[in-house]
Amino acid sequence: MKQNLVLIGNGMAGVRTLEEVLKLEPEKYNITVFGEEPYGNYNRIMLSPVLASEKTIDEIMLNDEQWYSDNNITLHKGIKVTGINRARREVIGEDGTTAPYDRLIIATGSTPFMLPIPGADKYGVIGFRDISDVDTMLEASGKYNKAVVIGGGLLGLEAANGLMKQGMDVTVVHLMDRLMERQLDKPAAKMLQKSLESRGMKFLMEHATEEILGDERITGLRFKDGTEIKADLLVMAVGIKPNFTLGQESGLHCERGIVVNDTMQTFDPRIYAVGECVQHRGIVYGLVAPLFEQAKVAANHLVEHGIGRYEGTVTSTKLKVTGIELFSAGDFSGDEHTEEMVFQDIAGGNYKKLVVRDNKIIGAVLYGDTIDGTWYFQMMKDGTDISEFRNTVLFGQHHLGDSGHGDETRVAAMADSAEICGCNGICKGDIVNAITEKKLFTLDDVRAHTKASASCGSCTGLVESLLAHTLGGDYEDAPSKKPMCGCTDYTHDEVRSGMIQHELKTMPAVRDFFEWKTPDGCPACRNALNYYLLCAYPEEYEDDSQSRFINERAHGNIQKDGSYSVVPRMFGGLCTPSDLRAIADVADKYNVPEMKVTGGQRIDMFGIQKEDLPAMWKDLSEAGFVSGHAYGKAMRTCKTCVGDTWCRMGTQDSTGLGVKLEELTWGSWMPHKYKLAVSGCPRNCAEATIKDFGVVCVESGYELHVGGNGGIKVRVTDFLTKVETEDEVLEYCGAFSQLYREDAHYLERTAPWVERVGLKKIKKAIIDDEKNRKALHARFLISQKPAQIDPWKAHADGKNANEFAPIVIT
Amino acid sequence: MSDWIEITQLDEIPVLGSRVVKTDDMDIAIFRTSDDRIFAVKDACPHKQGPLSQGIVHGTSVTCPLHSWKIDLASGEALGADEGCTNVYDTKVENNMVYLRMPVD
């Protein structure tokens, strides 16, 4: 027997909750929706662009009536709910319609706060909240000329801009001495005001309205100082008040909104409330981002999964006025315990301010160049320690996007034909169209529909910016914690620490303990869990080859035609004539169509058919080669330069040390690929400073560098420390490798890992704490014992033969 | 009409894994799910003909190794936002033996 779920309020928060419920358990409820407005669900925050004629109503519809019927939802539109009978569990509409409920969601949103001044009831005095307000404004703009907006906040300015676009003469009246005082500090507010003035908007700052003049229709305003101004239309945008009357009249506990707990339940546990009508932990939200998180939690609880909790949202805002880029988040004014970092170029139209406490960003105001808003905001939410890059943080995440984009990373200024995702050839126009036409909200949505950012991920920042730019900044899909994948609500860190704490030693045990939503997991979590288990229990865990990407299962790199490549390991890049002869013989024997010298100083053979792999490996194995792991999330190579054996500049035996390092680390499974290099002098011919672990030899010893990357985003290593002997290099390398293996998320390379956890933490674990370093190194050696059994030889000897042998029928 | 062809013992196909069956004119991928159901699809992803047999099996779908399209094993349809379809073939298991039925033109 299906239960009845009723939603009061056909807006973004409520409908989003229904969508989440339908996603989790489509058959659980009979759903009924009451909406006061005569429309389906539309994107309320996009009303400003509608007013400015940049978008149409159709473009901002999120759920049309078809959606309701497709999902068997009964929609009572245009019907106001007048009562909730909690004893009979029934909702009553103004026209007498009733609907019984087992569970009820109240999402009545908010209404504009109308100033209680004389004359506020005249024609032509409105708020700015729904489609009918926009209609009134559009109609007035055709007949009248003078418009006044009371309120110089986000909404007021957007309304004023829209009216101006419709050809009206607009004056903004504001009580305070600066615009958007809840989001902007003085310099940014001044810049904004100047820019709006230059477009023709007029301002009356520090003006309090005393009376609205006119007979039936407004003709003007009188201020407290006695001055007057003419007006044919007055929009009040001084704030919103949560709509909780219905909740209050039904006896639910209300303060400034309907009070809810962390599962979005009200005083009556059968009744949930989400959105702007809600007060959670003392806070009433008036922005969109929190609604989505609330919707997720409420839905999760409604389908009785019962693991999600809403813990509040840090919000950010962005003004939706075309041509003005403005971003604000968190505490932008600070206090005596905070520091400010400011970049100010008034003439160039750029202003950036970060408010920092204990080396963590707690607030940001950006004007002009706002591309880094998402980055600062992410660091705010993550509580990232910025001490390592304080001196450059204001200049932004300059490696955002692909290297070489440079100033073109300003997505707003990019042409529609500009390529955003180089892997899949997706242009800005494609992404923007998909976002608007297919109503995409999240990065994952964009990835699924356009493939942009779905391959190498280097354009993720750009796609996120586009998403924010297209939808308005408060749209950021920014859950406070990011689950491992769609199969679970737990994060990588939670799963990993839980796995060790509760001694979960198999994949089913982990999935069972953390209540996985899918029976076998998905490719993302299977690979990750297999690695985490292998890392945690190197001597016990039996590797699950079905939970490895084909490259690691077949120990070769799959190529576009389904053939494989074979790369034998050449320690430190050293080789002998007989090594080369052996490789040449193998290549001849198996008709290898193409060979290439790799960047990692070894030889790649392409175009091998899968069924030939074991035999080829057998021949290579007999010639003394082991797998080069050129296909794995594993230790790849150790690149070396010639060193002091031959080079007149060399300071140490870099080649010999490279061989030792590779002998130490080969075979090790890692969260992602992992590359080493040793350069014999600071000229750094082995490019050690863009490797995961790089050594630069100097006369007095060895400099150790970590966290470099030469790939997607070029990142120069951080200097870890300097040591004096080769033995120390080996110990530090083992310790660093193991720390990375135990701490990084699966598929996180050392570069983003170092940036996420901070170099400080790594130095603390490896440099400052000798005991810990030795323990890490010892654990690395233990894990290397089973890892250094050559997979090629094992397969040549018959392991997993079915994997390689096709069944032939004729 | 068409005939059932004997393929291999069930145990010869790894759980959550696959085998490739080579016929005269194409490759067919045979999959085994965690609850021992057997599916057969043409070993070519509708996207860029990637060998689906080399993908990761989860639930009753497989993820293509080349560009991660997710294909429903029962219908051959691409799942999620992708659009495309590959051929599917009937299978059955009797006395631990897996059979495949090829359409006859």
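The model shown is predicted, which means the values in this text are computed figures rather than measured ones. One numbering rule holds for all chains: residues counted from 1, following each sequence as written. Chain labels run from A onward and ligand labels from 1 onward, assigned in the order the entries are written. Local features in a predicted model are, by the rule used here, given only for residues with pLDDT of at least 70; side-chain atom pairs are given and counted only at 80 or more, and totals for whole chains, interfaces and linings are based on all residues.

On to helix α25 (residues 770-787) of chain A. Residues and elements named next belong to chain A. Secondary structure counts use DSSP, requiring at least four H or I residues in a row for a helix and at least two E residues in a row for a strand, with both numbered from the N terminus. Given a helix with a known number of residues, its expected span is that number minus one, times 1.5 Å. Taking 1.5 Å as the rise per residue, α25 with 18 residues should run 26 Å; its terminal C-alpha atoms sit 26 Å apart, in good agreement. Counts of 20 or more other C-beta atoms within 10 Å of a residue's own C-beta define buried residues, counts of 12 or fewer define exposed ones, and intermediate counts define partly exposed ones; C-beta atoms are placed from the backbone. Regarding α25, the residues found buried are Arg 773, Leu 776, His 777, Phe 780, Ser 783 and Ala 787. Along the long axis of α25, the arc covered by the buried residues comes to 125°, so they all point the same way. Exposed and oriented more than 90 degrees from the buried face of α25 are Glu 770, Lys 771, Leu 781 and Lys 785. Picture the helix axis, draw a direction to every C-beta atom, and the arc is the one those directions span.

Bringing helix α5 (residues 131-143) of chain A into the picture now. All names here are of chain A. Along its 13 residues, α5 runs 19 Å from first to last C-alpha, staying within 8% of the 18 Å computed at 1.5 Å per residue. Within the sequence span of α5, burial applies to Met 137, Ala 140 and Ser 141. Along the axis of α5, the buried positions cluster into a sector of 100°, meaning they face one direction only. What points out from α5, more than 90 degrees from its buried face, is the exposed set Ser 132, Glu 139, Gly 142 and Lys 143. Here, residue contact means that the backbone-derived C-beta atoms of the two residues sit within 7 Å. On its buried face, α5 is in contact with α2 (47-51), α6 (154-165) and β18 (233-236).

In this section: the sheet that holds strand β38 (residues 718-723) of chain A. Where strands meet in a sheet, backbone hydrogen bonds hold them as pairs that are either parallel or antiparallel. Residues and elements named next belong to chain A. Taken in spatial order, the 5 strands make up an open sheet running β34-β35-β36-β37-β38, and their pairing is mixed. Strand pairing shows two members of the sheet lacking a second neighbour, β34 (635-640) and β38, which therefore form its edges. Between one strand axis and the next, the sheet turns by 15° as a mean value, whatever way the strands run. Pairing of β34 with strand β35 (residues 674-679), which is carried by 4 bridges, proceeds in the parallel orientation. Two strands qualify as a pair provided that DSSP identifies no fewer than 2 bridges between them. The angle between two axes is taken between their N-to-C directions and runs from 0 to 180 degrees, where each axis is a line fitted to C-alpha atoms and a helix contributes only its stretch in contact.

Here the focus is the interface of chain A and chain B. Every contact between the two is made by 21 residues of chain A and, on the other side, 26 residues of chain B. Elements represented by at least two residues in the side of chain A that touches chain B include exactly α13 (443-450), α17 (523-536) and β39 (807-808) of chain A. Ten residue types, Ala, Val, Leu, Ile, Met, Phe, Trp, Tyr, Cys and Pro, are classed as nonpolar, four, Asp, Glu, Lys and Arg, as charged, and the remainder, Gly among them, as polar. Considered class by class, the residues forming the side of chain A that touches chain B number 11 nonpolar, 7 polar and 3 charged. Bridging between β39 of chain A and strand β2 (residues 17-22) of chain B involves 2 bridges; their strand directions are parallel. Within β2 of chain B, the residue paired with Ile 807 of chain A across the bridge is Val 21 of chain B.

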